[in-house]
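# Per-entry structural report
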Amino acid sequence: MAREKGERSIADNRNARREYEILERFEAGIALTGTEVKSLRLGRCALRDSYARTEGGECFLLNMHISPYDPGNRFNVDPTRKRKLLLHKREIRELHAAVKEKGLTLIPLRLYFRHGKVKVDLALCRGRKLYDKREEEILRSLRRESDRSRREDTKRQEY
């Protein structure tokens, strides 16, 4: 994904791209406390094993770990607390229906700052089977090999 003006990446969930087949993406805001934002500015966040859930017409992000901000003392909150995602009502209804009917999962792919606000790249995903992961690995290695041979051919033609 190209880096836009005013956008700075905080954390990536690279494991999710291997474990899940991404069907659709959504950009969501996230409700945070001041010390959490300060900790995120230092890049102290982990998205591994985190997921989102819709409850009572709202969407929440669970299991995302934001380390406590050291100078924050009593203003620090639980590092893995449930955090509210800010989406339009229509999007929440769409996500809820997809998760309930089709058995899909909501996974955060990336956390970033956009114009000073923390945003989450949320994906509607389907879990991959072991043979799908192996097949993807084989295709990736074949692509890498063909790209390498193509580069070598162009180098030979130059000389």
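Figured I'd write up the structure that's included with this text.

Conventions we followed
- The residue count restarts for each chain, going from 1 along the sequence in the order it is written.
- Two thresholds apply to this predicted model, a pLDDT of at least 70 for residue-level local features and 80 or more for giving and counting side-chain atom pairs, whereas whole-chain, interface and lining totals are computed over all residues.
- Excluding hydrogens and water, the side-chain figures rest on all heavy atoms present in the structure.
- By definition, any uninterrupted DSSP run of H or I lasting at least four residues is a helix, any uninterrupted run of E lasting at least two residues is a strand, and each is numbered from the N terminus.
- In this description the radius of gyration comes from C-alpha coordinates, and the expected globular size is given by 2.2 Å times residues to the power 0.38.
- For two strands to count as paired, DSSP must find a minimum of two bridges between them.
- A pair of Phe, Tyr and Trp rings is counted when the ring centres sit within 6.5 Å of each other, with Trp represented by its six-membered ring. The angle between the planes then sorts it: under 30 degrees is stacked, over 60 is edge-to-face, the rest tilted.
- Look at NZ for Lys and CZ for Arg. If either is within 6 Å of the ring centre and within 35 degrees of the ring normal, a charge sits over the ring.
- Throughout this description, buried means an accessible area under 20% of the type-specific maximum (1.4 Å probe, protein chains only), exposed means over 50%, and partly exposed covers the range between.
- Throughout this description, a polar contact denotes any pair of N or O atoms lying within 3.5 Å of each other; where both atoms belong to protein, one of them has to be capable of donating a hydrogen while the other can accept it, and for residues adjacent in sequence the pair is counted only when both atoms sit in side chains.
- Basic side-chain nitrogens of Lys or Arg form a salt bridge, by our definition, when they fall within 4 Å of a carboxyl oxygen of Asp or Glu.

### Describing the overall build of the protein chain
- Looking only at helices and strands, the protein chain features 4 helices and 9 strands.
- Ordered by position from N to C terminus, the α and β elements of the protein chain give β-α-β-α-β-β-β-β-β-α-β-β-α.
- In terms of C-alpha radius of gyration, the protein chain reaches 19 Å, well past the compact-globule figure of 15 Å for 159 residues.
- Each principal axis of the C-alpha distribution contributes one length, and for the protein chain these read about 65 × 40 × 25 Å.

### Observations concerning the pairing of strand 9 (residues 117-127)
- Judged from the 9 bridges that link them, strand 2 (residues 20-30) and strand 9 form a sheet pairing that is antiparallel. When the sheet's bridge partners are listed, E27 is paired in strand 9 with D121.
- Relative to strand 9, strand 8 (residues 105-114) is paired through 9 bridges, and the arrangement is antiparallel. Across the sheet, residue R110 finds its bridge partner in strand 9, namely D121.
- The loop that links strand 8 with its antiparallel partner strand 9 comprises 2 residues; one of these, H115, has a positive phi angle of about 55 degrees.

### Focus: the packing of aromatic side chains
- Counted under the stated rule, the structure contains 0 aromatic pairs.
- The side chain of R41 reaches across the aromatic face of F113, ending 4.5 Å from its centre.
- Lying across the ring of F60, K82 places its NZ or CZ 4.7 Å from the centre.

### Thoughts on the side chain of D121
- Mapped onto the fold, D121 is located in strand 9.
- The class of D121 is buried, set by a relative accessible area of 6%.
- A polar side-chain atom of D121 sits 3.3 Å from a polar atom in the side chain of R25.

### Some details on the pattern of salt bridges
- This model, assessed by the stated rule, comprises 13 salt bridges.
- Of the charged contacts, one joins D121 and R25 as a salt bridge, the two residues approaching to 3.3 Å between their closest N and O atoms. Within this pair, whereas D121 is found in strand 9, its partner R25 is found in strand 2, the two being separated by 96 residues in sequence.

Function-wise, these values are silent; they only describe arrangement.
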